[in-house]
Structure formats: C-alpha cells, structure tokens
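# Working through the structure, step by step
Here's the letter readout for the chains.
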Amino acid sequence: MREQRTLDRVRKLLAKAERTDNEHERATFMAAASALMARHGIEALPPAGARQVPGDRVVTLPGPWAREKARLVSLVAQAVRCRPLLIGRGDGGQRVHLFGFAADLERADVLATSLLLQMASGLARVRPPADAVSPRAYRRSWLLGFTDEVYRLLCAAESRAEDGAAAAGTGTALVLADRRAEVERAVAARYPRVRMSVPRTSGTGYGDGAAAARRADLGRPGMTPAAPGELPPGGP
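First, a word on scope: everything that follows refers to the structure included in this document. Just so you know, these numbers come straight off a predicted model, no measurement behind them. (Residues numbered from 1 in each chain as written. Predicted model: local features only at pLDDT ≥ 70, side-chain atom pairs only at ≥ 80, totals over all residues. Heavy atoms only, no water.)

## Observations regarding the sheet that holds strand β2 (residues 83-90)
For clarity, the cut-off: When DSSP finds two or more bridges between two strands, those strands count as paired. Helix and strand definitions follow DSSP, with helices as H or I runs of at least four residues and strands as E runs of at least two, each counted in order from the N terminus. To obtain each axis, a line is fitted to C-alpha atoms, and for helices this fit is confined to the stretch in contact; angles are then taken between N-to-C directions over 0 to 180 degrees. In what follows, a contact means two residues having at least one pair of non-hydrogen atoms within 4.5 Å.
If you trace the 3 strands from one edge of the open sheet to the other, you get β1-β3-β2, paired in antiparallel fashion. In this open sheet, the two strands that pair with only one neighbour each are β1 (55-62) and β2. The average angle at which neighbouring strand axes cross in this sheet is 25 degrees, direction not considered. Pairing of β1 with strand β3 (residues 93-100) involves 8 bridges; the strand directions are antiparallel. Residue pairing in the sheet places Val58 in a bridge with His97 of β3. Lying over the sheet, helix α3 (residues 66-79) contacts β1, β2 and β3, oriented at roughly 10 degrees with respect to β3.

In structure tokens:
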C-alpha cells in the first residue's frame, strides 16, 4: 500500500510537469518525481533473507527509429536495476527482453513509456541546422544524446537513493547485490552468450538531444509493448 501511494505521488508530480509551460517548474517537478521513483525502488525491496524470483518481459518497439527507441527502453531499464537485452527484429519492430524483479520492471515501464513520448515530441520539434550534412544523421544523433542524458539523470537519482539507504545502515547494499546476481543468473540461463555493442553516430545533434532530455518530464505510466510512442520518420 505504501509503495502504491509513492507511485501515485510520482504520477501526480509528473502530471503537473506535463501541464506547465514553465521550464523551471517542469525541471522542478521532474527532479522531485525522479527522486521519488528512485526511493520507491528502495522501499520496494524485501527484507533481508526474503526470497523473490526475477521476472522478464519482451517489449517490441515499432518504427520509425525502432533501434533508437529500443536503446532508450534498454538504458532506462538498466538505470533502474533491470537487465535489458536487444534481441533483434520481430513482431513488427525491434525487441528488447527485460529481466528484473517486479517492482523494478514496473518502474522501467512507467519511465520508459513517458520518455518515449517525450522523445517523440522533442524530435518532432527538431529542425536540423542548415549546415547539417545529413538531416537524418542529425536526428539520430539527437536521439542518442537524449537517451544518454536520460540514462545519466536516472542513474544519478538511483545512486543518491542507494547512498541514502546505505547511510541509514539498512543493509540495502547487500540486498541489491544479491538481487543483481539473481537477475544475471536469470539472463545467463536464457542467453548463455551475450554480445555487447555500442551505437555509432555521425550526426551533430547529440548535444541538442542531451539538452532536451534534461528538460523532459517523466510522466505517463504504463508502457504498452504494441505502441510505446511514435517518432517522426528520419526524412529531411
């Protein structure tokens, strides 16, 4: 019940962020909501010694920009202690297989849904500069910059929440370490060999995308695998 109240508070803050046109207010609501979401991740931890089993889900991201959407979902999930794997095309889009405990999968759901929509609306407003060699490359680098900055902001909020719990002497660090190991074992059982990859970008929109991410709100709960937000195509 307490966990649900925390999520309700997060959603109310994010609804306020969605309604305001004031960038300072939007940033304030976003900071408060992301901090509460990170705290929710700590509050949802079971007592030391309690047994839980990781779950998993496959999310399909349709085009356009399916790979960039999949990367956003992957990094958001990773920031909130889930383990994402990009498993390639299928079911009409790029598929991401997420592993994690129920509360963390829920947090990934809430955040990724919102940020996909924020990214789509931000990209729709992008106008590549006149000196951009390729408008599509600019837009793609914008998307990568947006995603990387979102990941940095979420990781910072999670780290502050974990540090606060550790300072209180709750034994949270050991619980988190055990849960990460459980998730990795679940991944290894399903995918014994995992290949790492890093996206490359040749566009100049990376910094603009990162700046847009710093202004994003983290609202709108409920990531639906079939339609997680439409991004405009990569034309000029």
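## Comments concerning the environment of Met37
Put simply, the test is: Only protein chains enter the accessibility calculation, which uses a 1.4 Å probe; a residue is then buried when its area is under 20% of its type maximum, exposed when over 50%, and partly exposed in between.
Here Met37 lies in helix α2 (residues 23-43). On the basis of relative accessible area, Met37 is assigned to the buried category, the value being 1%. Residues contacting Met37, with those up to four places away along its chain left out, are Leu7, Val10, Arg107, Val110 and Leu111.

## Brief notes about the environment of Glu68
Within the element layout of this structure, Glu68 appears in helix α3. On the accessibility criterion, Glu68 (9% relative accessible area) is buried. Between the C-alpha atom of Glu68 and that of Leu143, which follows or precedes it by 75 residues, the distance is 6.7 Å. Here Glu68 is in contact with Met119, Arg140 and Leu143, once residues within four sequence places are set aside.

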